[in-house]
Structures are given as structure tokens and as C-alpha cells.
Amino acid sequence: MAAPLVLGIETSCDETGVGLVRGHELLADAVASSVDEHARFGGVVPEVASRAHLEAMIPTFDRALATAGVRAGQIDAVAVTAGPGLAGALLVGVAAAKAYAFALGKPLYGVNHLAAHVAVDALEHGPLPAPAVALLVSGGHSSLLLVEDVTGQVIPLGATIDDAAGEAYDKVARVLGMPFPGGPPIDRAARDGDPAAIGFPRGKLHDGTLDFSFAGLKTAVARWVEARQAAGEPVPVADVAASFQEAVADVLTRKAVQACQRHDVADLIIGGGVAANSRLRSLAAQRCADAGLRLRVPRPGLCTDNGAMVAALGSELVSRGVPASPLELPADSSLPVTEVVVR
Ligand code: KG4
Ligand code: ZN
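The structure contained in this document is the topic of the report that follows. (Residues numbered from 1 in each chain as written. Chains lettered and ligands numbered in written order. Predicted model: local features only at pLDDT ≥ 70, side-chain atom pairs only at ≥ 80, totals over all residues. Heavy atoms only, no water.)

1. Concerning the site of ligand 1
- Residues in contact with ligand 1 amount to 20 residues; listed here are only the nearest, Gly-139, Asp-170, Gly-183, Asp-187 and Asn-277.
- Between ligand 1 and the protein, one listed contact pairs an oxygen atom with a backbone N or O atom of Gly-139 at 2.8 Å.
- Asp-305 is positioned with one of its side-chain polar atoms (N or O) 3.0 Å from an oxygen atom of ligand 1.
- Within the complex, 90% of the 560 Å² of free accessible area of ligand 1 lies under protein.
- In this structure the site holding ligand 1 corresponds to the largest pocket.
- Those elements that place two or more of their residues in the shell around ligand 1 are helix H6 (165–175) and helix H7 (183–190).
- When the residues that make up the shell around ligand 1 are grouped by side-chain class, the tally is 5 nonpolar, 11 polar and 4 charged. (Near = heavy atom within 4 Å. Polar contact = N/O pair within 3.5 Å; in protein donor to acceptor, adjacent residues only side chain to side chain. Areas by Shrake-Rupley, 256 points an atom, 1.4 Å probe, with all protein chains shown as cover. 1 Å grid on protein atoms, 1.4 Å probe; cavity = no way out; pocket = protein on both sides within 12 Å on 5 of 7 lines; lining within 4 Å. Sits in = over half its atoms within 2 Å of the grid points. Helix = DSSP H or I, 4+ residues; strand = E, 2+ residues; numbered from the N terminus. Nonpolar A, V, L, I, M, F, W, Y, C, P; charged D, E, K, R; others polar.)

What follows is the structure, given as C-alpha cells:
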């Protein structure tokens, strides 16, 4: 018998994602992004994102079904990001998921966005190793998690105490006159720069915790650039980008390897939008190889927010026989990472 067909809906930030997964097989991953509408503000505007989700939800759902070549009536379960994320944005996805689950008479799973970022790797690399350490880095979060079991036991090991890694990318890009979101243009500019040109600070690197801090780094880059401009000197954009990127990748990979070693875990999974970063990927590969760790990073399209990751986690929950969420489940903008499924 074929594995159940699971629908996944993601609306926690600026991507409206609808994914369809059967077992570990990805059938469709339709994403509509409102990122262009936020660009002129230099960051995601919650009200604009919510409105965009509302407009994109049904067309994106239809597109996913058409890509997968299935009818709505064939869906066996519905999973949706219930949190954490922007409250108004989450509400759109949760309301849509409830409507689909109710209309189809199928179980509804309100799931944790961070656990979904981990679960998605099963679509590319097969069943998740357990236990694993997960490094999740995006515009909204920077966390290290001990994942004993992605369907229920996720333990936070460390997180940023100020800016998220992606947020630092976005703010530094602004300082360098690059568009939002800042990750891709900085990544590109850094290719022509010297990562050792400027010794930017590595926040909390030697403090003994598994927490991060990127606010000091961001400020250091801004001060450095301002000083050049005030002196009437040209700003070496490629060197600044490469040196900033090196500082971020250095701290993230060192602490991720430390997390694995401290908890005696041999597998590291990296996810979230910043996992698309070329330097983070190459440095993580090098340091994991040196430390004898196995590294799994999904392809960039599955690292950024999408519906397939929610469907992937839903599929895992269904296959383990985990009970569904109540139909009146709330959206919870600050859902703790330890809560994989909303009860
Ligand atoms: O996971 P995601 O799509 O949405 C959030 O949940 O935030 O991550 C978006 C973040 C943005 O801050 C963006 O600048 C960053 O991921 N990002 C990158 C790269 N591509 C996207 N950061 C560094 N290098 C990249 N290549
Ligand atoms: Zn995310």
C-alpha cells in the first residue's frame, strides 16, 4: 500500500508554501514569495506578508496539486506551521489548513516550524539520523538543537541572544548598499574578496556556551564602513563581504561541531535560509570531516521556508501514528521548539 499523502502549509514569514509528500518522496513544493514587496522597507513587514499569504494561498495550493498530479480528495492528512513566526501570517496558513482538513475530513497537525526545517532533510537524504544535532540559521532564528526524535524530542542547546544570522546578513547588506534579502548578494560579492582582509569580531566564540551573538559583528561592520566613508576612502565591498561572511561561518560551524562533541552525536544537519550560504556549506563540510562527523545539508531550495518541509514533518508524524492536533488549534507566534506538535 502506498504511504499516506500529506499536505504541508507554511506561512510563518514571507513565503506562502504548499508541499505534497508521500512517505519521504517529494511530489510538489509550490512557493509564492512576497519578498519583493518588502524589499523597499529593508525587512519583512508583517501586515504586507499576511495580505500576500491571503492572496497566494489558494493559487499556491492549486499549483501544488497540479504539479503532483493529485486531486484534493486524495490527501490523507494536513500539516501546517502553527509557530513560531509572525502572528498574522501564521493565522492565514492555520485557517487554510483547518478549512482543508475539515472539508476533506482528514487529520490536522499543527507543527513547529523549526522541527520542520530539520525534517525536510529526509526528502533529500532519506530517514533522519537519530540522534542528530541541528543548526538552524535563517532571518528569524539561529539555534542549535539536539534532535533525539524529530516527531517529539527536540532539545534546545543554544540560540542567538540578539540578531539572527540572516538578520545580520540583511543589515550588513543594507550598509553595503545591496538589496534585501542580503544573503545572496553578500554571498556573491564575497567570492571576489579576501576573507582574512578584516578581522571582524566573533561574538561569544570562547564563552563556553552554545549561544550566538551577531549584533556586535553587525555594528562592527557598520562602524568600519562608516570610518572609510568619513575618511573619503573607497569601501572594498568584496573584502568586507568576505570578511563578514567568514566571521559568521566561523562561529556557526565551530559551535555546531562543539555541540555534536559535547553530546556525543555523530550527525549534523544544517537548515534555514542561511544554510544556502556557500561559505557556511564549505566550512561546515571541512570541519565536520576533520571532526569525524557526518554532515547533511538539504539543497538551497529546501533550506529556505517552504511547504515541503511541513509536509515532510507531517509525513513523519503520520507514519509514527502520532495523534493529530485539535481542529481548534491556535497559531502561536512564540511556540517553543520543544513543542513539535500542538496539542
Ligand atoms: O529560512 P528563510 O527563508 O526565512 C526565515 O525564516 O527567515 O531565511 C531567509 C534568510 C534571509 O535573512 C536571507 O538573507 C538569508 O536567509 N539567506 C542567506 C543566503 N540566502 C538566503 N544568507 C546567507 N547566504 C545566502 N546565500
Ligand atoms: Zn524558517
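Additional details are given in the paragraphs that follow.
2. Quick word on the coordination of the zinc ion (ligand 2)
- Those protein atoms acting as donors to the zinc ion (ligand 2) are His-113 (NE2), His-117 (NE2) and Asp-305 (OD), and they sit at 2.1 to 2.2 Å.
- Here the zinc ion (ligand 2) binds 4 donor atoms, and the angle range of 87 to 152° at the metal identifies the geometry as irregular.
- The sequence pattern describing where the donors of the zinc ion (ligand 2) fall on their chain is H-x3-H-x187-D. Pair noted here: His-113 and His-117 are both in helix H4 (residues 113–119), with a separation of 4 residues, about one helical turn. (Donors = N, O, S within 2.8 Å, 3.2 Å for Na, K, Ca; no water. Tetrahedral: all angles 85-135°; square planar, octahedral: opposite > 155°, others 65-115°.)

3. Remarks on the packing of aromatic side chains
- By the definition in use, this model includes 4 aromatic pairs.
- For the ring pair Phe-61 and Tyr-100, a centre distance of 4.0 Å and an interplane angle of 15° mean the geometry is stacked. You can see Phe-61 sitting in helix H2 (residues 46–68) and its partner Tyr-100 sitting in helix H3 (residues 87–104), a full 39 residues away along the chain. Tyr-100 matches Phe-61 in its accessibility class, with the two residues each being buried.
- Ring geometry for Phe-212 and Phe-214: centres 6.0 Å apart, planes at 20°, overall stacked.
- For Phe-214, a relative accessible area of 1% puts it in the buried group. (Phe/Tyr/Trp six-rings, centres within 6.5 Å; stacked < 30°, edge-to-face > 60°. Buried < 20%, exposed > 50% of the residue type's maximum accessible area, 1.4 Å probe, protein only.)

4. Re the pairing of strand S9 (residues 267–271)
- Of all 5 residues in S9, 5 are buried, a share of seventy percent or more.
- Of the two faces of S9, both are covered, the one formed by Asp-267, Ile-269 and Gly-271 as well as the one formed by Leu-268 and Ile-270.
- Two elements, strand S6 (residues 132–137) and S9, share 4 bridges in a ladder whose sense is parallel. Within S9, the residue paired with Ala-134 across the bridge is Ile-269.
- Across 3 bridges, the pairing between S9 and strand S10 (residues 294–296) is parallel. Looking at S10, one finds that Leu-268 is bridged to Leu-295. (Pairing = 2+ DSSP bridges.)

5. Some words on the pairing of strand S7 (residues 142–149)
- Of all 8 residues that make up S7, 6 are buried, and the element is covered over most of its length.
- With 6 bridges connecting them, S6 and S7 associate as antiparallel partners. When the bridges of S7 are listed, Val-137 appears paired with Ser-142.
- With antiparallel pairing between neighbouring strands as the criterion, S6 and S7 make up a hairpin whose turn holds 4 residues.
- Of the strand pairs in this sheet, S7 and strand S8 (residues 153–159) are connected by 6 bridges, and their pairing is antiparallel. By the bridge assignment, Ser-143 is partnered in S8 with Ala-159.

6. Focus on the sheet that holds S7
- With respect to topology, 5 strands assemble into an open sheet ordered S8-S7-S6-S9-S10, the strand pairing being mixed. Looking at the sheet topology across the chains shown, the edges are occupied by S8 and S10. Taken pair by pair, the neighbouring strands of this sheet meet at an average axis angle of 25°, ignoring direction.
- The strands that helix H9 (residues 237–262) touches are S6, S7, S8 and S9; relative to S6, the one it contacts most, it runs at about 160°.
- Sheet strands touched by helix H10 (residues 278–291): S6, S9 and S10. Its angle to S10, the strand with the most contacts, is close to 160°. (Axes fitted to C-alpha atoms, helices over the stretch in contact; angles between N-to-C directions. Contact = heavy atoms within 4.5 Å.)

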